[in-house]
Each structure stands twice: as structure tokens, then as C-alpha cells.
Amino acid sequence: MSFQDLIGHFFGAFLEQTIVYLLFSVPLFLIFWVIWKKKFQRIRIQSQPQASTHHFKHDLWHSGSTLLVFVGMDLVLLYLQSQGYTRLYAQPDQYGWWWLPLSFALLLFLNDTFFYWSHRAMHHPKLYPFFHRVHHESTDPSPLTSFSFHPSEALVENAMGFLLPFVLPLHIGVIIAWQLYDMLNNVVGHLGYEVYPKGWTKIPILKYKTPSTHHNMHHQFFDGNYALYFTWWDRWMGTEFKDYETRYEAIFNRKPTQEQASMLDAKNVQGSVVKAKVTAQIDRTTYHFEVGDSETILQAALAQHIPLPHSCKRGLCGTCKMHCIGGAVQLQKQGALTDAEVAAGYILTCQALPLSEVVSIEG
């Protein structure tokens, strides 16, 4: 294959992948985020939209750079295939018809496993700025976010598609089917609306397939739900958010559980603010400190050199958001929290005054 052939393939492949990306993402974006936005509000995962035009432009720009990386890797693969280095094949019966569905299932499992561990690794503080920060610019993701990666992350995301053809005999049709499925899964995972049915998390076998809420929570709360296609790695490794199933069902009835209702009551209660003993768990480190009857949790923590996350201290940025898992607090201002987050037990420590003598939070 000559250099001119590669250049021709590059532009053709980039145009082709761009069209596919736009066909998958733009119609769903227009349907759910623009045209029938109010109609689908009832199944919106984050009840109050956080995304803006800035995020949409950001996602489109970085999705374009991601497609350039993907096409570049595909061309290298194409060249190596032409030299006989890969195990790609075109005749469906070359390895038996049974191998086609089996190899597709194997691709899903291997990519799902690789994604979980590489994704979790990219959340390490030393790796995050160089790989994953671009993608997390959108805390309220839309279909346009589905391929919004830094070029370094794009290399990681496409690693299995590049490496596996050297290891496994894979039919070209299986590769294409996998890529289309992966793109659809990515777009739905970033849809921002729950299109899976009520009760999905309770259905045997099917419940292990990640619905839209699963990945949306990852964008919203950051340090959990790392999975791609299936939930089992999060379940096995204990990284699935504890309230995932509760939040999923809450989308369909918008009624908080008894535990969540107590948090709503805590927000509106006119009771007395009290001194409290607070337990805070941050990144697997547990802190214990006391809060005076006129202090917010954040004020008390900082005075005692407890490193709770924070920034503006006015309830505007949401940096100090944590999950109250025990006790009750009163929020002076809801600020950066949505109603759904408050219902799920999330608080802003800079605005939280204890209402019970013992409070437990995690973040």
C-alpha cells in the first residue's frame, strides 16, 4: 500500500467515521435536548440541566480530535493487515460460523474488562490531568460527550480495537458490528435521559447491562460506576455507587425512599442546630472531628486541619459536595445541588449545619 493510498484512505475514513458519529449523536441530541426537551423531562436523569453551549462546543471539538486518532490507528492497522501481520479475515466460514457470535461476545467481554481497569486507572490523581480531565468537563453529559476525549485518552479507548486483531482471528464484519454497538452504547450512556424501562435493575441477567443512569452517575459524582457495557466489574470490585438502583427507580416515580426523605426533611426542618461528632470518609481515609453549634461542617473541618474538598465556600461551585450517609443536616443554601441530589442525600459541607449529634459523610 503506497503513501498516497494511505492519505486517500485517511480522509475517506475520517469523513466516514464523522458521518457515523453525527448520525448516532446529533439526532438523539436534537430529540432529547432541543426539540422535545420538555416532553422528556420526566425521564431526565439529572432533573436540573447543568450543561451549556460551552460544553456542547467543547464536546464537538474534542470528539473531532478523537476521530482523527481513531482513524490514524485504523490506518496503521490496515497497513499492517496488508503486510500480513494481523489475523483479520473476510470469509465468514474460514473459522466456522459458530466463531462469529462467539468472537463478538469475546470482544465485548475483553473490551469491557480493559475499559473498567484503564478507566479506573485514569482517575488516579497523577494520570487524570493528562488523560481523563477533558471528558469530565461535562458533569451533565449529552450525546455529544460520547467521544469527547483528550488525544491521549483516545489512544487508550481504541487500544483493544487496535491490538486484538493481532491476537484473535476476527472477521471484518464482527469488527464493524462491535464498533457500531460500541458507538450506540456510548451515545446512550451519555444521553442524559433514561431510555431503559422501569425496573431494569431488578430483571435477572438484563440488570447487568448498564443503563444510561449508570454512567451518568459517574459523570455527576466522579469516583464510581467505571463500567462500560456491564455492571459486574463495579459489583465485584465494590465501585458501584450504593444508591445506583435507588436513583434509577427514582427517575420513574420521582419519589424519594424513606432514607432520602429524611434528608429532604433535614433540609427544611426548623429544628435546633446542635454540636455534632462528624465522621468523614475521603479516598479511603476516615477523619473524625467535632462541629460547634454555630459552625458548618466545612468550617469545623478546616479549623481542625481536616482536608475536606472545597473551593468557593459559598455553595456555588459544588466542590464540597459529599454524601450524607448517617444523621441529619440543615442546608443554609442548596446552591450547586439539584433537587435530585438533595433527595439522594448529597450535601454541601460549606452550607451544612448538623441537626443530629452524629453525622457521617463520604466523598
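Our subject is the structure listed above.
Computed from a predicted model, the values in this text were never measured in an experiment. In every chain, residue numbers begin from 1 and rise along the written sequence. Restriction of local features to residues with pLDDT of at least 70 applies here, the model being predicted, together with a cutoff of 80 or more for giving and counting side-chain atom pairs; totals for whole chains, interfaces and linings are based on all residues. Excluding hydrogens and water, the side-chain figures rest on all heavy atoms present in the structure.

## Observations regarding the overall build of the protein chain
Spelled out, the test is: Numbering goes from the N terminus for both helices and strands, where a helix is a DSSP run of H or I of at least four residues and a strand is a run of E of at least two. Per-residue accessibility, obtained with a 1.4 Å probe over protein chains only, is compared with the maximum for each type, and a residue is labelled buried under 20%, exposed over 50%, and partly exposed between these values. Only heavy atoms matter for contacts: two residues are in contact if any of them lie within 4.5 Å across the pair. Surface exposure here means Shrake-Rupley accessible area, sampled with a 1.4 Å probe, where a residue is shielded only by the protein chains that are shown. For the charge count, each Lys or Arg is scored as positive and each Asp or Glu as negative, with His and the chain ends excluded. Here the site of a charge means NZ on Lys, CZ on Arg, CG on Asp, or CD on Glu.
Helix and strand counts for the protein chain come out as 13 helices and nine strands. Overall size of the protein chain, expressed as C-alpha extent along the three principal axes, is 75 × 40 × 40 Å. Buried positions account for 49% of the 363 residues belonging to the protein chain. Contacts in the protein chain between residues far apart in sequence, at least 24 positions, make up 69% of those at least 6 positions apart. By element, 62% of the accessible surface of the protein chain is carried by carbon and sulfur atoms, the whole surface being about 17800 Å². For the protein chain, the centre of its 27 positive side-chain charges and the centre of its 28 negative side-chain charges are spaced 6 Å apart.

## Brief notes about the packing of aromatic side chains
How we decide: Two aromatic rings, drawn from Phe, Tyr or Trp (for Trp, its six-membered ring), form a pair once their centres lie within 6.5 Å of each other, and the interplanar angle then sorts them: stacked below 30 degrees, edge-to-face above 60, tilted otherwise.
Within this structure, the stated rule accounts for 28 aromatic pairs. A centroid spacing of 5.9 Å and a plane angle of 70 degrees characterise the contact between tryptophan 98 and tryptophan 99, whose relative ring orientation is edge-to-face. What makes tryptophan 98 exposed here is its relative accessible area of 57%. Look at tryptophan 99 and you get buried, because its relative accessible area is 11%. The rings of Phe104, Tyr116, Trp117, Tyr181, Tyr226, Tyr229, Phe230, Trp232, Trp233 and Trp236 are connected pair by pair, giving a single aromatic cluster.

## Comments concerning the pairing of strand S3 (residues 276-282)
Here is the key point about a regular strand: its side chains alternate between the two faces of the sheet. Rules: Any two strands with at least two DSSP-identified bridges between them are counted as paired.
Going residue by residue along S3, you find Ala276, Val278, Ala280 and Ile282 tucked away on one face and Lys277, Thr279 and Gln281 left uncovered on the opposite face. Relative to strand S4 (residues 285-291), S3 runs antiparallel, the two being bridged by seven bridges. Of the residues in S4, the one forming a bridge with lysine 277 is glutamate 290. In sequence, S3 turns back onto S4 through a hairpin of two residues, with aspartate 283 there showing a positive phi of about 50 degrees. Across five bridges, S3 lies against strand S9 (residues 358-362) in parallel orientation.

## Re the sheet that holds S3
Stated formally: What counts as an axis is a line fitted to C-alpha atoms, over the stretch in contact for a helix, and the angles between N-to-C directions run from 0 to 180 degrees.
One open sheet accounts for five strands, arranged S4-S3-S9-S5-S7; its pairing is mixed. Strands with a single pairing partner mark the edges of an open sheet, and in this sheet they are S4 and strand S7 (346-348). Taken over all neighbouring pairs, the strand axes of this sheet differ in orientation by 35 degrees on average, direction set aside. Looking at chain direction, strand S5 (residues 321-326) and S9 are connected through three bridges and run antiparallel. Note on S9: the bridge partner recorded for glycine 326 is serine 360.

## Describing the layout of surface pockets
Under the convention used in this document: Cavities and pockets were defined on a 1 Å grid built from protein atoms only: a cavity is a group of points that admits a 1.4 Å probe but offers it no way out, a pocket is an open group of points flanked by protein on both sides within 12 Å along at least five of seven lines, and a lining residue is one with an atom within 4 Å of any such point. Grid points are joined across faces, edges and corners, and a volume is the space filled by probe spheres set on the points. Basically, the charged four are Asp, Glu, Lys and Arg, the nonpolar ten are Ala, Val, Leu, Ile, Met, Phe, Trp, Tyr, Cys and Pro, and anything else, Gly included, counts as polar.
Considered as a void within the structure, the largest pocket measures approximately 1900 Å³ in volume. Taken together, 46 residues make up the lining of the largest pocket; nearest its centre are Phe221, Phe222, Asp223, Asp283 and Gly363. Taken together, the residues of the lining of the largest pocket sort by class into 18 nonpolar, 16 polar and twelve charged. Size it by volume and the second largest pocket reaches roughly 1200 Å³. Surrounding the second largest pocket, 49 residues form its lining, Gln17, Asp74, Asn158, Ile175 and Gln179 being those nearest its centre. For the lining of the second largest pocket, the secondary-structure elements that each account for two or more residues are helix H1 (3-35), helix H2 (53-82), helix H3 (99-122), helix H5 (151-157), helix H6 (159-167) and helix H7 (172-189). Tallied by class, the residues present in the lining of the second largest pocket amount to 26 nonpolar, 17 polar and six charged.

## Looking at the side chain of histidine 171
Along the chain, the position of histidine 171 falls in strand S2 (residues 170-171). Once residues within four sequence positions are removed from consideration, histidine 171 is found in contact with Tyr89, Ala90, Gln91, Pro92 and Leu100.

## Some details on the nonpolar core
A general trend in soluble globular proteins is that nonpolar side chains are found buried together. Quick note on the threshold: Residue types Ala, Val, Leu, Ile, Met, Phe, Trp, Tyr and Cys, when buried and joined through side-chain atoms within 4.5 Å, form a set referred to as a nonpolar core.
Val278, Phe289, Ile297, Leu308, Ile347, Val359 and Ile361 are the most contacted members of the largest nonpolar core, which has 31 residues in total. For this core, the elements supplying multiple residues, two or more each, are helix H8 (212-221), S3, S4, helix H12 (297-303), S5, strand S6 (329-331), S7 and S9. Counting 20 residues, the second largest nonpolar core, distinct from the first, contains Trp33, Phe40, Phe56 and Tyr193.

## Here's the deal with the side chain of serine 25
Along the chain, serine 25 turns up in helix H1. In contact with serine 25, not counting residues within four places along its chain, are Pro143, Leu144 and Val187.

## A word on H6
Listed as buried for H6 are Ala159, Met160, Gly161, Phe162, Leu164 and Pro165. Summarising the contacts, the buried residues of H6 are in contact with H2, strand S1 (88-89), H3, H5, S2 and H7.

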